[in-house]
Amino acid sequence: MSPTIYTIMLSSLATGTIITMTSFHWLMAWIGLELNTLAIIPIISTLHHPRSTEAATKYFLTQAAASAMILFSSMINAWNTGTWDITQMSFLPSNTLLAVALALKLGLAPAHLWLPEVLQGSTLLTALIITTWQKLAPMSLIFLSANNLPPMILLTLGIISSVTGGWAGLNQTQTRKIMAFSSIAHLGWMASITSISPNIMIMSLMIYLIMTTALFSSLIFSKSKTIQDTTTTWTLSPTLTITTMLVLLSLGGLPPLTGFLPKWLILEELITQNMSPLALMMAMSALLSLFYYLRLTYTTALTLAPNTLQMKFKWRFKPTTPPALMAFSTLAVFLLPLTPLILS
């Protein structure tokens, strides 16, 4: 794809998301979602490979179905209440349908099966866009309609997603599929807190975006597509090895790092609302996710690929680590002391 067309596609992608995020009318939100979907289809299918074509087709079908359900739910609501305002969704069947549609759009379990397949069929950069930027528009709709969405459905989606994201990720060897299940698990945490505290959900989303961008940046820089590929990261850059290890531990939610913050606040809020069994299940599911993050950490930082004494250390010839990667990695690791500032 030529740089001009790629720029136009990325601009359309950004425009679609911004239209959805800034609209209060359901038709404008739907137009933004459609523009967003149509812009990323060519980006996914740039490889001209059967697998990427399949990924683009799967992505298009799921997103089109979800958008149609969103439009249908808003039409039912407008028919019964006479308003197209996103914040005034007061008809229960519309809200239920909307929750299901947004779950399909985001890839929340049990409507998650398209996400790992689509990521596996696209490049690492496209996978980064799908797991970060493409979550903004649906999450903004969830935020706007948080007071009206059925809490029971959101909590159920949250617990199923967090358990599925941890359980299904254990058996994966491809880094893109691991990141897909990581995304499902994190979105599950966000869904479970949405009806209780939308502000914590937004904070959790921001931290998820920072951590995922940091890890994908390191995978792109080291061209690691499988767990086996990560064993050669140390020849590329010692700094990269350490930052990747810390970002992975942060994604797992270990205490001194940034990733601990959303999990801590969500669990605290769930316990405050007398949902201790749910909080316990969420915490246990986080251990499942932590296992495959630790496995990636082990292969990246603690194992050596088969090598010879004559092997070239790439970092001697190209020692620089991209500044953007270092910036995101720093944020993904050291934000925990800023907790009072973030919450205020």
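Predicted, not measured: the structure shown is a model, and the values here were computed from it.

Engineer: Requested: an account of the overall build of the chain, with residues and values cited.
Structural biologist: A tally of helices and strands in the chain yields 17 helices and 0 strands. Projected onto its principal axes, the C-alpha positions of the chain cover 75 × 50 × 35 Å. Pairs at least 24 apart in sequence give 78% of the contacts found in the chain among residues at least 6 apart. Total accessible area computed for the chain in this model is approximately 15,100 Å², and 72% of it derives from carbon and sulfur atoms.

Engineer: Break down the side chain of S183 for me, with residues and values.
Structural biologist: Mapped onto the elements, S183 comes out in helix α9 (residues 175–194). For S183, a relative accessible area of 1% corresponds to the buried category. Setting aside chain neighbours within four positions, we find S183 in contact with L115, T131, K135 and Y208.

Engineer: Outline the domain arrangement of the chain, listing residues and values.
Structural biologist: For the chain, the assigned domains are domain 1 (1–149) and domain 2 (151–343). On a C-alpha basis, the centres of domain 1 and domain 2 stand 23 Å from each other. Opposite the 29 residues of domain 1 that make contact, domain 2 presents 34 residues. When the buried surface of domain 1 facing domain 2 is broken down by residue, Q120, L124 and M139 rank first, second and third, together holding 24% of it.

Engineer: Give a detailed account of the pattern of salt bridges, specifying residues and quantitative values.
Structural biologist: Evaluated as defined, the whole model comprises 3 salt bridges. One salt bridge connects E54 with K58, and the closest N-O pair in it is separated by 2.8 Å. One end of the pair, E54, and the other, K58, are both in helix α3 (residues 50–81), 4 residues apart, so they sit about a helical turn from each other. Given the relative accessible area of 40%, E54 is considered partly exposed. For E117, the salt bridge is made with K177, and the minimal N-O distance between the two is 3.6 Å. Of this pair, E117 sits in helix α5 (residues 114–120) while K177 sits in helix α9, and the two are 60 residues apart along the sequence. Within this structure, E54, K58, E117 and K177 form a network of salt bridges that share partners.

Analysis parameters
Residues numbered from 1 in each chain as written. Predicted model: local features only at pLDDT ≥ 70, side-chain atom pairs only at ≥ 80, totals over all residues. Heavy atoms only, no water. Helix = DSSP H or I, 4+ residues; strand = E, 2+ residues; numbered from the N terminus. Contact = heavy atoms within 4.5 Å. Areas by Shrake-Rupley, 256 points an atom, 1.4 Å probe, with all protein chains shown as cover. Buried < 20%, exposed > 50% of the residue type's maximum accessible area, 1.4 Å probe, protein only. Domains from an automatic or database assignment. Buried area = accessible area lost by both parts, 1.4 Å probe. Salt bridge = Lys/Arg side-chain N within 4 Å of Asp/Glu carboxyl O.

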